[in-house]
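A look at the structure
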Number of protein chains: 2
Amino acid sequence: MNERQPARRPGGRSARVGVAVHQAVTDLISERGYGNFTVGEVAARAGVADSSVYRRWGNLENLLTEVALNRLNTRSPMPDTGSLAGDLRTYAAQVAREITGPDGPAVLHLAVALSGHGEQGVQARDAIRDARARQLESMLDRARERGEDAPDALEVLDHVLAPMYIRVLFGMGPLEAEYVEGLVERLL
Amino acid sequence: MNERQPARRPGGRSARVGVAVHQAVTDLISERGYGNFTVGEVAARAGVADSSVYRRWGNLENLLTEVALNRLNTRSPMPDTGSLAGDLRTYAAQVAREITGPDGPAVLHLAVALSGHGEQGVQARDAIRDARARQLESMLDRARERGEDAPDALEVLDHVLAPMYIRVLFGMGPLEAEYVEGLVERLL
């Protein structure tokens, strides 16, 4: 997503614009929900020109993808505890905490919003999914390299992540630690 | 939801209003997505007075609940095949077909929209969830009465329905018959 721009000086104007635009998107999401605002509104909130946003991100969907991945990677980074069971338990507990927190299952809400945003929305949704899937696969590959018998990433999605997301979406939280650990045990 | 109204003559004016209003809601959902219209717009589309809608359904959320349950009960009725395995396979295949069809995972989109509609939205979401959970439990109870060892409804949600919904939401369809049957086998 950064291919459009020349190399930037860290801490320079470009970095400040990035921070301001990310913050504007985060604020607009919490005020209005995903997809209920425009690039023009993001730019106005961030105090930058519309053209600065279009030049750097191309469209709203790319910007939402970058903000979502930044958030996921910060709040639910893939753990590296030295064992598959430890990694999966830590990851599942992080996801459970995040999606039952004040912002709820944000990536689910974003996926729904992007699904209704035409081809660019679908591409953005797929980019988020693929980036996270690659990270999860790296975690499982590390386990295999240690000689552990790891499930594949889709099984983790189906039987650990999906149940937690659907329960939270339908108001069946909180997700007790015992329940979350049970999902991991069942998979292993 | 029908407590507000007196007994109605089947096929009379009241039934015609019900059909017209349901159709208007269905049309507005497919044009704009869930939650992006008002009671006034539904009434105008259906050719009835706003007050007719408020008198009968109380608010938009109750109306959306009724339309959603009507749709779910028509398109994904709980089967009664005489065996637990048959019921679960049939039900899972129906859900898979429905959520990969032209309207997508509609109940997921509705749950997301209702989650952002305050207390009435949350109540509507919970009403849909509880009505479907009761039906699923009845299906599982029938199996137990036949002496079969049935999972509980939450296990069906977690390990059969949730994976299918999340895969479709993130654009990982189509759901192959082999995959859907595999989810049921794994649970049984």
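The structure displayed is predicted, hence computed values, not measured ones.

1. A word on the overall build of chain A
Of regular secondary structure, chain A possesses nine helices and zero strands. Projected onto the principal axes, the alpha-carbon positions of chain A cover approximately 50 × 35 × 30 Å. Once local pairs closer than 6 in sequence are excluded, the contacts in chain A between residues at least 24 apart make up 62%. Summed over all atoms, the accessible surface of chain A reaches about 9,000 Å², with 49% contributed by carbon and sulfur. Side chains of chain A give 22 positive and 26 negative charges; the mean places of these two sets differ by 8 Å.

2. What about the pattern of salt bridges?
Where side chains of opposite charge bring their charged atoms close, a pairing between them can arise. Summed over all chains, the structure comprises 30 salt bridges over all chains. A salt bridge links Arg71(B) to Glu98(B); the shortest N-O distance between them is 3.1 Å. Here Glu98(B) lies in helix 5 (residues 84-99) and Arg71(B) lies in helix 4 (residues 60-75), a separation of 27 residues in the sequence. According to the relative accessible area criterion, Glu98(B) is buried, its value standing at 18%. For Asp80(B), the salt bridge is made with Arg142(B), and the minimal N-O distance between the two is 3.3 Å. One end of the pair, Asp80(B), is in the loop between helix 4 and helix 5; the other, Arg142(B), is in helix 7 (residues 118-145), and 62 residues separate them in sequence. Given the relative accessible area of 54%, Asp80(B) is considered exposed. A single network of salt bridges, built from pairs that share partners, joins Arg71(A), Arg75(A), Glu98(A) and Asp103(A).

3. Quick notes on the interface of chain B and chain A
In this complex, chain B contributes 28 residues to the contact, which on the side of chain A involves 28 residues. With both chains or domains summed, chain B and chain A bury close to 2,600 Å², and 68% of this area falls on carbon and sulfur atoms. The tally of links from chain B across to chain A stands at four salt bridges. One can count 15 residue pairs in polar contact (both at pLDDT 80 or more) joining chain B with chain A. Breaking the side of chain B that touches chain A down by element, the ones donating at least two residues are helix 6 (106-115), helix 7, helix 8 (153-169) and helix 9 (177-187) of chain B. Top element by residues in the side of chain B that touches chain A is helix 8 of chain B. It accounts for 12 residues.

4. Considerations on unusual backbone geometry
The bulk of non-glycine residues show a negative phi, and the bulk of peptide bonds are trans. With an omega dihedral of -5 degrees, the bond running from Gly173(A) to Pro174(A) counts as a cis peptide bond. As for its placement among the helices and strands, Pro174(A) is situated in the loop between helix 8 (153-169) and helix 9 (177-187).

5. Points about the relation of the copies chain B and chain A
Mapping chain B onto chain A is achieved by rotating through 180 degrees and translating by 0.0 Å along the same axis, at an RMSD of 0.0 Å. Such a turn and shift between the copies fits a two-fold axis. Most of the interface of chain B is mirrored in chain A, where 100% of its interface residues again form contacts.

6. Some thoughts on the domain arrangement of chain A
By a widespread convention, an interface's size corresponds to the accessible area lost as its parts come together. Residues and elements named next belong to chain A. Splitting chain A by domain gives domain 1 (13-58) and domain 2 (67-187). Between the C-alpha centres of domain 1 and domain 2 the distance comes to 26 Å. Taken together, the five residues of domain 1 in the interface contact seven residues of domain 2. Both faces combined, the contact of domain 1 with domain 2 buries some 550 Å², and carbon together with sulfur accounts for 73% of it.

7. Side note on the nonpolar core
Across soluble globular proteins, nonpolar side chains have a tendency to be buried as a group. By size, the foremost hydrophobic cluster in this structure holds 128 residues, and its most contacted members are Val21(A), Val42(A), Met164(A), Val21(B), Val42(B) and Met164(B). Every residue in contact with Met164(B), bar those within four places of it in the chain, is listed here: Ala92(B), Val95(B), Ala96(B), Ile99(B), Leu175(B), Tyr179(B), Val180(B) and Leu183(B).

8. Topic: helix 6 of chain B
With eight of its 10 residues buried, helix 6 of chain B lies for the most part within the structure. Among the residues making up helix 6 of chain B, those that are buried are Ala106(B), Val107(B), Leu108(B), Leu110(B), Ala111(B), Val112(B), Ala113(B) and Leu114(B). Those residues of helix 6 of chain B that are buried are in contact with helix 6 (106-115) and helix 8 of chain A together with helix 4, helix 7 and helix 8 of chain B.

9. A look at the environment of Ala46(B)
All names here are of chain B. One can find Ala-46 in helix 2 (residues 39-46). Spatially, the C-alpha atom of Ala-46 lies 7.5 Å from that of Gln-23, the residues being 23 residues apart in sequence. With near-sequence residues (within four places) excluded, Ala-46 lies in contact with Ala-20, Val-21 and Ala-24.

10. A few points about helix 4 (residues 60-75) of chain A
All names here are of chain A. In this model helix 4 runs 22 Å from its N-terminal to its C-terminal C-alpha over 16 residues, within 8% of the 22 Å that 1.5 Å per residue would give. Counting buried positions along helix 4 yields 12 of 16 residues, so the element is predominantly enclosed. Considered for burial, the residues of helix 4 that qualify are Leu-60, Glu-61, Asn-62, Leu-63, Leu-64, Thr-65, Glu-66, Val-67, Ala-68, Leu-69, Arg-71 and Leu-72. Contact partners of the buried residues in helix 4: helix 1 (13-32), helix 2 (39-46), helix 3 (50-57), helix 5 (84-99), helix 6 and helix 7 (118-145). Near the N-terminus of helix 4, the side chain that reaches the backbone nitrogen of Glu-61, with its oxygen 3.1 Å away, is that of Asn-59.

11. Quick word on the side chain of Asp87(A)
By the element assignment, Asp87(A) lies in helix 5. Setting aside residues up to four positions removed in sequence, Asp87(A) forms contacts with Pro79(A), Asp80(A), Thr81(A), Gly82(A), Met139(A), Arg142(A) and Arg146(A).

Cut-off values and rules
Residues numbered from 1 in each chain as written. Chains lettered and ligands numbered in written order. Predicted model: local features only at pLDDT ≥ 70, side-chain atom pairs only at ≥ 80, totals over all residues. Heavy atoms only, no water. Helix = DSSP H or I, 4+ residues; strand = E, 2+ residues; numbered from the N terminus. Contact = heavy atoms within 4.5 Å. Areas by Shrake-Rupley, 256 points an atom, 1.4 Å probe, with all protein chains shown as cover. Lys, Arg positive; Asp, Glu negative; His and termini not counted. Charge placed at Lys NZ, Arg CZ, Asp CG, Glu CD. Salt bridge = Lys/Arg side-chain N within 4 Å of Asp/Glu carboxyl O. Buried < 20%, exposed > 50% of the residue type's maximum accessible area, 1.4 Å probe, protein only. Buried area = accessible area lost by both parts, 1.4 Å probe. Polar contact = N/O pair within 3.5 Å; in protein donor to acceptor, adjacent residues only side chain to side chain. Least-squares fit on C-alpha atoms with pLDDT ≥ 70 in both. Domains from an automatic or database assignment. Core = buried A, V, L, I, M, F, W, Y, C linked by side-chain atoms within 4.5 Å. Expected span 1.5 Å × (residues − 1).

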